[in-house]
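Structural overview for review
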Amino acid sequence: MSLRLPIAAGNWKMNLDRASASELVRGLRQGLAPRGAVEVLVFPSFPLLGEVGAELVSSPIGLGGQDLHPEESGAHTGDVSAGQLADVGCGWVLVGHSERRHDHQEGDDLVASKVVAAARGGLVPILCLGETLEERRSDRTLEVIDRQLTAVAAVAPDEMVVAYEPVWAIGTGETASPEEAQVVHRFLRRRSAELWGEARAEALRILYGGSVKPDNAPDLIREIDIDGFLVGGASLDAEKFLAIIHACGESAA
Ligand code: PGA
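Attention here is on the structure that accompanies the text.

Parameters and conventions
Residues numbered from 1 in each chain as written. Predicted model: local features only at pLDDT ≥ 70, side-chain atom pairs only at ≥ 80, totals over all residues. Heavy atoms only, no water. Helix = DSSP H or I, 4+ residues; strand = E, 2+ residues; numbered from the N terminus. Rg over C-alpha atoms; globule rule 2.2 N^0.38 Å. Buried < 20%, exposed > 50% of the residue type's maximum accessible area, 1.4 Å probe, protein only. Contact = heavy atoms within 4.5 Å. Areas by Shrake-Rupley, 256 points an atom, 1.4 Å probe, with all protein chains shown as cover. Lys, Arg positive; Asp, Glu negative; His and termini not counted. Charge placed at Lys NZ, Arg CZ, Asp CG, Glu CD. Pairing = 2+ DSSP bridges.

Some details on the overall build of the protein
Broken down by element type, the protein carries eleven helices and eight strands. Compactness check: the protein gives a C-alpha radius of gyration of 17 Å against a globular reference of 18 Å for 253 residues, within 12% of the reference. Within the protein, buried positions represent 53% of all 253 residues. Considering only contacts in the protein between residues 6 or more positions apart, those separated by 24 or more positions represent 72%. Counting every atom, the protein has about 11500 Å² of accessible surface; 51% of that belongs to carbon and sulfur. In the protein, which carries 23 positive and 38 negative side-chain charges, the distance between the mean positions of the two groups comes to 2 Å.

Structure, rendered in structure tokens:
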């Protein structure tokens, strides 16, 4: 049994408005024990952070940003800094999500500098990585994962979370099978041990993401190296997200 506290993180992407986000949070709060066996996090888009943060006061749900800029402040129109995220109540931030890597051409070096900025600003980075369909088909999955993880080798803070999200599984309804995901998660833990030592690798929480739903979550979470989920679409529905959180909790109990 894993001693790592599982994480269920909801990545809301560019969805919801203040009213629907508040309603979603209220639905989640109603369905959660005051301090459960799962760390629950939500990642609203920037304009919603204040409103959602206010709804989360004295709740067990943590708040995070979907991205950040490497600099602390300055002339970076459209960007936000770690300090600004922390100021509105964030304790977490997604870094290197595949939609950022793809839509904004974010490369490994930029992602590494964002990990640095997150830690400097007191946020826990969730480093997202994963292969495209083409990379998987040409048998380069582990090579790509290795490159994306190694890019942060020298800068990763003790408190970091990794999310394996195969690009071909995000928002497509396709999921890696539990066995396929476990192969990558095992590899990530082994590589982490080489990079940062056994103790840190054992404590590292490695999430799976990509079309996680209430019906596939129980089988995925049973894998020894899957420590929770980064959930997109299903996290926009309180009932579905709660079912996924529950699946994480059952396995941790
Ligand atoms: P999905 O998104 O659950 O809708 O596939 C996951 C993610 O992008 O984090």
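Back to the write-up after that little detour.
Concerning the pairing of strand 7 (residues 205-209)
With five of five residues buried, strand 7 lies mostly within the body of the structure. Side chains of strand 7 alternate between two faces, with Arg 205, Leu 207 and Gly 209 and Ile 206 and Tyr 208 buried alike. Summarising the sheet, strand 6 (residues 161-164) and strand 7 pair through four bridges and their orientation is parallel. Each bridged residue has a counterpart across the sheet, and for Val 162 the counterpart in strand 7 is Ile 206. Where strand 7 lies against strand 8 (residues 228-231), two bridges are found, and the strand directions are parallel. Bridged to Gly 209 within strand 8 is Leu 230.

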